Amino acid sequence: MEVRKLHPIFAAELIGADISQPPSQELIDLVEEAMAEHLVLCIRGDVISDEAHLRFARAFGPLELPGPFNPDTPRRMAYGLYDASNLDINGEIIERESLRAKFSKGNELFHADSSFNDMPSKWSMLRGVIVPPERGDTQFVDLRHVYDELPPETKDRIESLVAEHSFLASRIKGGVDPEEVERLKASWPGAKQPMVRVGPTGRKSLFVGSHAYRVEGMDDKEGQALIDELLAFASQDKFVYAHKWRQGDMLIWDNRYALHRGTEFDYERYKRDLRRANVNEYGEERSAVPEDVEFGYPMDGKAPPVTVD
Ligand code: OGA
Ligand code: MN
(Lines give C-alpha, C1' and ligand atoms only; values in the text may rest on other atoms or scores of the structure.)
(Ligands and ions follow the chains in the order given, each with its own letter.)
Protein backbone atom coordinates (compact mmCIF):
# COMPACT_ATOMS: atom_id res chain seq x y z
CA MET A 1 0.00 0.00 0.00
CA GLU A 2 1.17 3.47 -0.83
CA VAL A 3 0.08 6.99 0.19
CA ARG A 4 0.52 9.74 -2.44
CA LYS A 5 -0.13 13.43 -1.97
CA LEU A 6 -2.84 15.03 -4.13
CA HIS A 7 -2.24 18.74 -3.35
CA PRO A 8 0.77 20.76 -2.10
CA ILE A 9 -0.91 21.56 1.26
CA PHE A 10 -2.94 18.45 2.18
CA ALA A 11 -5.03 15.55 0.81
CA ALA A 12 -3.69 12.18 -0.34
CA GLU A 13 -4.73 8.96 -2.01
CA LEU A 14 -4.15 5.46 -0.75
CA ILE A 15 -3.27 2.97 -3.44
CA GLY A 16 -3.51 -0.79 -3.06
CA ALA A 17 -5.97 -1.15 -0.16
CA ASP A 18 -8.88 -3.57 -0.46
CA ILE A 19 -11.73 -2.29 1.66
CA SER A 20 -14.25 -4.86 0.42
CA GLN A 21 -12.73 -7.18 3.04
CA PRO A 22 -12.60 -6.69 6.84
CA PRO A 23 -9.78 -4.15 7.36
CA SER A 24 -6.53 -5.42 8.91
CA GLN A 25 -4.95 -3.61 11.86
CA GLU A 26 -2.19 -2.55 9.47
CA LEU A 27 -4.71 -0.86 7.17
CA ILE A 28 -6.55 0.80 10.09
CA ASP A 29 -3.27 2.19 11.46
CA LEU A 30 -2.18 3.39 8.03
CA VAL A 31 -5.49 5.21 7.45
CA GLU A 32 -5.39 6.84 10.92
CA GLU A 33 -1.83 7.99 10.30
CA ALA A 34 -2.54 9.29 6.79
CA MET A 35 -5.68 11.10 7.97
CA ALA A 36 -3.83 12.80 10.84
CA GLU A 37 -1.34 14.16 8.37
CA HIS A 38 -3.40 14.83 5.21
CA LEU A 39 -6.99 15.33 6.54
CA VAL A 40 -8.47 14.06 3.26
CA LEU A 41 -7.80 10.57 1.95
CA CYS A 42 -9.15 8.88 -1.15
CA ILE A 43 -9.09 5.11 -1.32
CA ARG A 44 -9.66 4.06 -4.92
CA GLY A 45 -10.98 0.76 -6.10
CA ASP A 46 -14.07 -1.09 -7.27
CA VAL A 47 -17.46 -0.14 -5.83
CA ILE A 48 -17.93 -1.99 -2.54
CA SER A 49 -21.20 -2.93 -0.85
CA ASP A 50 -23.05 -0.79 1.70
CA GLU A 51 -22.23 -3.41 4.31
CA ALA A 52 -18.49 -3.23 3.57
CA HIS A 53 -18.73 0.57 3.72
CA LEU A 54 -20.35 0.44 7.18
CA ARG A 55 -17.89 -2.19 8.43
CA PHE A 56 -14.94 -0.12 7.27
CA ALA A 57 -16.35 3.07 8.85
CA ARG A 58 -16.96 1.34 12.19
CA ALA A 59 -13.27 0.40 12.36
CA PHE A 60 -12.57 4.09 13.10
CA GLY A 61 -15.29 4.96 15.59
CA PRO A 62 -18.99 4.69 16.38
CA LEU A 63 -21.32 5.80 13.59
CA GLU A 64 -23.46 8.88 13.79
CA LEU A 65 -26.69 7.35 12.56
CA PRO A 66 -29.07 9.14 10.23
CA GLY A 67 -32.52 9.83 11.56
CA PRO A 68 -35.31 10.03 12.35
CA PHE A 69 -35.83 6.56 11.01
CA ASN A 70 -38.87 4.37 10.79
CA PRO A 71 -37.67 0.74 10.35
CA ASP A 72 -40.77 -0.07 8.30
CA THR A 73 -40.10 2.42 5.52
CA PRO A 74 -38.19 1.18 2.48
CA ARG A 75 -34.73 2.61 1.88
CA ARG A 76 -32.46 2.78 -1.12
CA MET A 77 -29.39 1.87 0.92
CA ALA A 78 -28.38 0.09 4.12
CA TYR A 79 -29.38 1.84 7.31
CA GLY A 80 -26.44 3.72 8.78
CA LEU A 81 -25.57 5.47 5.52
CA TYR A 82 -26.64 8.99 4.56
CA ASP A 83 -27.99 9.51 1.08
CA ALA A 84 -25.99 12.35 -0.54
CA SER A 85 -27.31 11.58 -4.03
CA ASN A 86 -29.69 13.31 -6.41
CA LEU A 87 -31.83 10.16 -6.58
CA ASP A 88 -35.19 9.16 -5.18
CA ILE A 89 -36.13 5.87 -3.59
CA ASN A 90 -36.43 4.24 -7.04
CA GLY A 91 -33.03 5.48 -8.15
CA GLU A 92 -34.49 8.17 -10.44
CA ILE A 93 -33.20 11.74 -10.54
CA ILE A 94 -35.18 14.01 -8.22
CA GLU A 95 -36.59 17.31 -9.41
CA ARG A 96 -34.34 20.32 -9.06
CA GLU A 97 -37.22 22.30 -7.57
CA SER A 98 -38.07 19.70 -4.91
CA LEU A 99 -37.47 20.61 -1.28
CA ARG A 100 -34.89 17.86 -0.90
CA ALA A 101 -32.90 19.14 -3.90
CA LYS A 102 -33.05 22.64 -2.44
CA PHE A 103 -31.82 21.34 0.89
CA SER A 104 -28.83 19.66 -0.76
CA LYS A 105 -27.93 22.94 -2.49
CA GLY A 106 -26.70 24.10 0.94
CA ASN A 107 -23.92 21.48 0.63
CA GLU A 108 -22.33 23.73 -2.00
CA LEU A 109 -21.21 26.11 0.75
CA PHE A 110 -18.07 25.23 2.70
CA HIS A 111 -19.02 23.35 5.87
CA ALA A 112 -17.98 20.66 8.32
CA ASP A 113 -20.55 17.88 8.60
CA SER A 114 -22.39 17.75 11.92
CA SER A 115 -20.89 20.96 13.34
CA PHE A 116 -24.51 21.78 14.24
CA ASN A 117 -24.73 19.01 16.79
CA ASP A 118 -22.76 18.36 19.94
CA MET A 119 -21.59 14.84 19.14
CA PRO A 120 -17.80 14.30 18.95
CA SER A 121 -17.63 14.28 15.14
CA LYS A 122 -14.56 12.73 13.60
CA TRP A 123 -14.73 11.82 9.91
CA SER A 124 -17.10 11.53 6.98
CA MET A 125 -16.61 8.67 4.53
CA LEU A 126 -18.27 9.33 1.19
CA ARG A 127 -18.42 6.60 -1.45
CA GLY A 128 -18.91 7.18 -5.16
CA VAL A 129 -21.39 4.58 -6.41
CA ILE A 130 -22.38 6.50 -9.55
CA VAL A 131 -20.47 9.66 -10.45
CA PRO A 132 -21.24 12.19 -13.19
CA PRO A 133 -18.85 12.15 -16.18
CA GLU A 134 -18.02 15.82 -15.64
CA ARG A 135 -18.13 18.44 -12.85
CA GLY A 136 -19.61 17.76 -9.41
CA ASP A 137 -16.17 17.81 -7.74
CA THR A 138 -16.04 17.92 -3.96
CA GLN A 139 -13.74 20.68 -2.72
CA PHE A 140 -11.77 20.83 0.52
CA VAL A 141 -9.67 23.21 2.61
CA ASP A 142 -7.28 22.42 5.44
CA LEU A 143 -8.29 24.71 8.32
CA ARG A 144 -4.98 24.16 10.15
CA HIS A 145 -3.17 25.66 7.19
CA VAL A 146 -5.77 28.43 6.86
CA TYR A 147 -5.25 29.29 10.54
CA ASP A 148 -1.48 29.50 10.04
CA GLU A 149 -2.04 31.95 7.17
CA LEU A 150 -4.45 34.26 9.04
CA PRO A 151 -3.17 37.76 9.86
CA PRO A 152 -1.95 37.90 13.50
CA GLU A 153 -4.65 40.44 14.43
CA THR A 154 -7.37 38.07 13.20
CA LYS A 155 -5.85 35.22 15.21
CA ASP A 156 -5.97 37.42 18.32
CA ARG A 157 -9.50 38.51 17.56
CA ILE A 158 -10.95 35.00 17.26
CA GLU A 159 -8.80 33.27 19.91
CA SER A 160 -11.56 32.76 22.50
CA LEU A 161 -14.67 33.29 20.38
CA VAL A 162 -17.50 30.78 20.20
CA ALA A 163 -19.85 30.45 17.22
CA GLU A 164 -23.35 29.03 17.10
CA HIS A 165 -23.95 26.47 14.35
CA SER A 166 -27.26 25.36 12.88
CA PHE A 167 -28.09 23.03 9.99
CA LEU A 168 -30.99 25.30 9.17
CA ALA A 169 -28.82 28.40 8.90
CA SER A 170 -26.80 26.82 6.08
CA ARG A 171 -29.98 25.66 4.33
CA ILE A 172 -31.32 29.23 4.34
CA LYS A 173 -27.98 30.44 2.95
CA GLY A 174 -28.30 27.71 0.30
CA GLY A 175 -31.63 29.17 -0.83
CA VAL A 176 -34.34 27.31 1.09
CA ASP A 177 -37.21 29.62 2.00
CA PRO A 178 -36.70 30.70 5.65
CA GLU A 179 -40.39 30.05 6.27
CA GLU A 180 -39.86 26.48 5.13
CA VAL A 181 -37.31 25.89 7.89
CA GLU A 182 -39.09 27.93 10.57
CA ARG A 183 -41.16 24.90 11.61
CA LEU A 184 -37.97 22.85 12.15
CA LYS A 185 -36.27 25.35 14.39
CA ALA A 186 -37.87 24.67 17.72
CA SER A 187 -36.89 21.00 17.74
CA TRP A 188 -33.39 21.49 16.37
CA PRO A 189 -31.35 23.75 18.61
CA GLY A 190 -27.88 23.58 17.00
CA ALA A 191 -24.54 23.63 18.83
CA LYS A 192 -21.81 25.97 19.98
CA GLN A 193 -18.25 25.52 18.72
CA PRO A 194 -15.02 27.39 19.48
CA MET A 195 -13.68 29.28 16.46
CA VAL A 196 -10.18 28.02 17.18
CA ARG A 197 -9.60 24.33 17.81
CA VAL A 198 -6.41 22.79 19.10
CA GLY A 199 -5.37 19.47 17.55
CA PRO A 200 -3.70 16.52 19.26
CA THR A 201 -0.21 17.84 18.48
CA GLY A 202 -1.09 21.29 19.85
CA ARG A 203 -1.47 22.73 16.37
CA LYS A 204 -4.26 25.31 16.15
CA SER A 205 -6.97 25.27 13.52
CA LEU A 206 -9.72 27.63 12.46
CA PHE A 207 -13.23 26.28 12.95
CA VAL A 208 -16.01 27.95 11.02
CA GLY A 209 -18.33 27.01 8.17
CA SER A 210 -21.67 27.73 6.59
CA HIS A 211 -23.57 26.20 9.52
CA ALA A 212 -22.13 28.99 11.73
CA TYR A 213 -24.47 31.97 11.88
CA ARG A 214 -23.82 33.84 15.13
CA VAL A 215 -20.87 34.65 17.38
CA GLU A 216 -21.36 34.80 21.12
CA GLY A 217 -21.00 38.30 22.51
CA MET A 218 -21.53 39.99 19.12
CA ASP A 219 -24.72 41.26 17.57
CA ASP A 220 -26.06 39.09 14.76
CA LYS A 221 -24.80 41.27 11.93
CA GLU A 222 -21.30 41.68 13.30
CA GLY A 223 -21.03 37.95 14.02
CA GLN A 224 -22.22 36.96 10.54
CA ALA A 225 -19.81 39.48 8.99
CA LEU A 226 -16.89 37.91 10.87
CA ILE A 227 -17.97 34.42 9.80
CA ASP A 228 -18.26 35.59 6.18
CA GLU A 229 -14.82 37.22 6.32
CA LEU A 230 -13.21 34.05 7.69
CA LEU A 231 -14.97 31.85 5.12
CA ALA A 232 -13.93 34.13 2.26
CA PHE A 233 -10.34 33.95 3.47
CA ALA A 234 -10.50 30.14 3.83
CA SER A 235 -12.01 29.67 0.32
CA GLN A 236 -9.14 31.21 -1.61
CA ASP A 237 -8.25 29.06 -4.64
CA LYS A 238 -4.72 28.48 -3.43
CA PHE A 239 -6.07 26.63 -0.37
CA VAL A 240 -8.59 24.43 -2.20
CA TYR A 241 -8.18 20.79 -3.22
CA ALA A 242 -10.90 19.79 -5.74
CA HIS A 243 -11.59 16.06 -5.83
CA LYS A 244 -12.56 14.70 -9.23
CA TRP A 245 -14.71 11.67 -8.58
CA ARG A 246 -14.10 8.23 -10.01
CA GLN A 247 -16.59 5.46 -9.52
CA GLY A 248 -15.56 3.39 -6.49
CA ASP A 249 -13.76 6.21 -4.69
CA MET A 250 -14.02 6.17 -0.91
CA LEU A 251 -13.28 9.74 0.09
CA ILE A 252 -12.59 10.31 3.79
CA TRP A 253 -12.28 13.71 5.41
CA ASP A 254 -11.76 15.02 8.91
CA ASN A 255 -14.67 17.24 10.00
CA ARG A 256 -12.68 18.75 12.87
CA TYR A 257 -9.94 20.37 10.80
CA ALA A 258 -11.24 20.52 7.22
CA LEU A 259 -14.14 22.10 5.34
CA HIS A 260 -15.75 20.70 2.23
CA ARG A 261 -18.40 21.63 -0.30
CA GLY A 262 -20.11 20.07 -3.29
CA THR A 263 -20.05 21.82 -6.64
CA GLU A 264 -22.55 22.08 -9.47
CA PHE A 265 -23.04 19.48 -12.15
CA ASP A 266 -25.77 18.74 -14.69
CA TYR A 267 -28.26 17.75 -12.01
CA GLU A 268 -31.14 16.83 -14.27
CA ARG A 269 -29.03 14.85 -16.73
CA TYR A 270 -26.60 12.81 -14.64
CA LYS A 271 -27.10 10.51 -11.72
CA ARG A 272 -24.74 11.13 -8.82
CA ASP A 273 -25.09 8.42 -6.21
CA LEU A 274 -22.88 9.25 -3.24
CA ARG A 275 -23.39 7.50 0.10
CA ARG A 276 -21.85 8.68 3.34
CA ALA A 277 -20.99 7.19 6.72
CA ASN A 278 -20.14 9.57 9.55
CA VAL A 279 -18.00 8.43 12.46
CA ASN A 280 -17.56 10.00 15.88
CA GLU A 281 -14.45 9.94 18.02
CA TYR A 282 -16.22 8.03 20.81
CA GLY A 283 -19.63 7.44 22.39
CA GLU A 284 -22.71 5.43 21.54
CA GLU A 285 -24.04 4.96 18.04
CA ARG A 286 -27.07 7.18 17.71
CA SER A 287 -28.65 9.85 15.58
CA ALA A 288 -28.07 13.48 16.46
CA VAL A 289 -31.36 14.50 14.89
CA PRO A 290 -34.09 14.98 17.50
CA GLU A 291 -36.84 12.36 17.32
CA ASP A 292 -39.52 14.91 16.58
CA VAL A 293 -37.93 16.72 13.63
CA GLU A 294 -40.31 16.67 10.68
CA PHE A 295 -38.45 17.23 7.41
CA GLY A 296 -41.41 17.18 5.07
CA TYR A 297 -39.36 15.56 2.31
CA PRO A 298 -37.73 12.15 1.82
CA MET A 299 -34.60 12.16 3.95
CA ASP A 300 -31.85 9.60 3.41
CA GLY A 301 -33.82 7.71 0.81
CA LYS A 302 -36.75 6.86 3.00
CA ALA A 303 -40.35 7.81 2.50
CA PRO A 304 -41.56 11.08 4.04
CA PRO A 305 -42.42 10.67 7.71
CA VAL A 306 -46.08 10.26 8.44
CA THR A 307 -47.49 12.46 11.15
CA VAL A 308 -50.49 11.49 13.24
CA ASP A 309 -52.39 14.29 14.95
C1 OGA B 1 -21.68 15.52 2.14
C2 OGA B 1 -21.37 16.63 1.22
C3 OGA B 1 -20.65 17.15 -1.03
C4 OGA B 1 -20.79 16.55 -2.36
O5 OGA B 1 -22.02 14.43 1.68
O6 OGA B 1 -21.58 15.75 3.36
O7 OGA B 1 -21.25 17.75 1.63
O8 OGA B 1 -19.92 16.83 -3.23
N9 OGA B 1 -21.21 16.29 -0.06
O10 OGA B 1 -21.75 15.81 -2.58
MN1 MN C 1 -21.18 17.70 3.86
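To be clear, the structure that these remarks concern was listed above.
Residues numbered from 1 in each chain as written. Chains lettered and ligands numbered in written order. Predicted model: local features only at pLDDT ≥ 70, side-chain atom pairs only at ≥ 80, totals over all residues. Heavy atoms only, no water.

## Quick word on the nonpolar core
Generally speaking, a soluble globular protein has its nonpolar side chains buried in company with each other.
Inference 1: In terms of nonpolar packing, the biggest core is built from 28 residues, with Val31, Ile43, Phe56, Met125 and Ile252 touching the most fellow members.
Inference 2: Of all elements in the fold, only β2 (12-15), α1 (25-38), β3 (40-43), α2 (50-58), β6 (121-130), β14 (250-254) and β16 (273-280) reach the threshold of two or more residues within this core.
Inference 3: With five residues, α1 is the single largest residue contributor to this core.
Inference 4: If you look at the next biggest cluster of nonpolar residues, it comprises 26 residues, including Phe110, Val196, Leu226 and Val240. (Core = buried A, V, L, I, M, F, W, Y, C linked by side-chain atoms within 4.5 Å. Buried < 20%, exposed > 50% of the residue type's maximum accessible area, 1.4 Å probe, protein only. Helix = DSSP H or I, 4+ residues; strand = E, 2+ residues; numbered from the N terminus.)

## Focus on the sheet that holds strand β5 (residues 82-83)
Inference 1: In spatial order, the strands read β1-β2-β3-β14-β6-β16-β5; together these seven strands make up an open sheet with mixed pairing. Edge positions in the sheet fall to β1 (2-5) and β5, since each of these pairs with one other strand and no more.
Inference 2: As judged from the two bridges shared by β5 and β16, these two strands associate in the antiparallel manner. Across the sheet, the residue bridging to Tyr82 is Arg276, located in β16. (Pairing = 2+ DSSP bridges.)

## Regarding the coordination of the manganese ion (ligand 2)
Inference 1: The coordination sphere of the manganese ion (ligand 2) contains the protein donors His111 (NE2), Asp113 (OD) and His260 (NE2), at a distance range of 2.1 to 2.2 Å.
Inference 2: For the manganese ion (ligand 2), the donor residues sit on a single chain with the sequence spacing H-x1-D-x146-H. Here His111, found in the loop between α3 (99-105) and β6, pairs with His260, found in strand β15 (residues 258-262); they are 149 residues apart in sequence, far enough to count as distant.
Inference 3: For His111, a relative accessible area of 2% gives the class buried.
Inference 4: Judged by its relative accessible area of 4%, His260 falls in the buried class. (Donors = N, O, S within 2.8 Å, 3.2 Å for Na, K, Ca; no water.)

## Remarks on the pattern of salt bridges
Inference 1: Tallied over the entire structure, the rule returns 26 salt bridges.
Inference 2: Where Arg256 meets Asp254, a salt bridge forms, and the shortest distance between an N and an O atom there is 2.8 Å.
Inference 3: Judged by relative accessible area, which is 13%, Arg256 ranks as buried.
Inference 4: Taken together, the shared-partner salt bridges in this structure form one network comprising Asp50, Arg76, Asp83, Arg100, Arg127, Asp273 and Arg275. (Salt bridge = Lys/Arg side-chain N within 4 Å of Asp/Glu carboxyl O.)

## Describing unusual backbone geometry
Inference 1: The phi torsion at Leu39 lies on the positive side, around 70°, for a residue other than glycine.
Inference 2: With respect to the secondary-structure elements, Leu39 resides in the loop between α1 and β3.
Inference 3: Residue classification places Leu39 among the buried positions, given a relative accessible area of 1%.
Inference 4: At Ser114, a position not held by glycine, the phi torsion is positive, near 70°.
Inference 5: What makes Ser114 buried here is its relative accessible area of 6%.

## Structural notes on a negative patch on the surface
Inference 1: A grouping of Glu26, Asp29, Glu33 and Glu37 is seen on the molecular surface, where their side chains present a negatively charged patch.
Inference 2: Residue placement: Glu33 occurs in helix α1.
Inference 3: What makes Glu33 exposed here is its relative accessible area of 57%. (Patch = residues over 30% accessible without salt bridge, like charges linked within 9 Å, V, L, I, M, F, W, Y side chains within 5 Å. Areas by Shrake-Rupley, 256 points an atom, 1.4 Å probe, with all protein chains shown as cover. Lys, Arg positive; Asp, Glu negative; His and termini not counted. Charge placed at Lys NZ, Arg CZ, Asp CG, Glu CD.)

## Observations regarding empty space enclosed by the protein
It is a probe the size of a water molecule, rolled over the atoms, that shows where empty space is left.
Inference 1: If you walk through the whole model with that rule in mind, you get one cavity of 30 Å³ or more.
Inference 2: Put simply, the largest cavity is a space of about 760 Å³.
Inference 3: In this structure, the largest cavity is lined by 43 residues; those nearest its centre are Asp83, Ala84, Ser104, Asn107 and Arg276.
Inference 4: Broken down by secondary-structure element, the contributors of at least two residues to the lining of the largest cavity are β5, α3, α6 (167-173), β15 and β16.
Inference 5: Looking at side-chain class alone, the lining of the largest cavity contains 18 nonpolar, 13 polar and twelve charged residues. (1 Å grid on protein atoms, 1.4 Å probe; cavity = no way out; pocket = protein on both sides within 12 Å on 5 of 7 lines; lining within 4 Å. Points joined across faces, edges and corners; volume = space filled by probe spheres on them. Nonpolar A, V, L, I, M, F, W, Y, C, P; charged D, E, K, R; others polar.)

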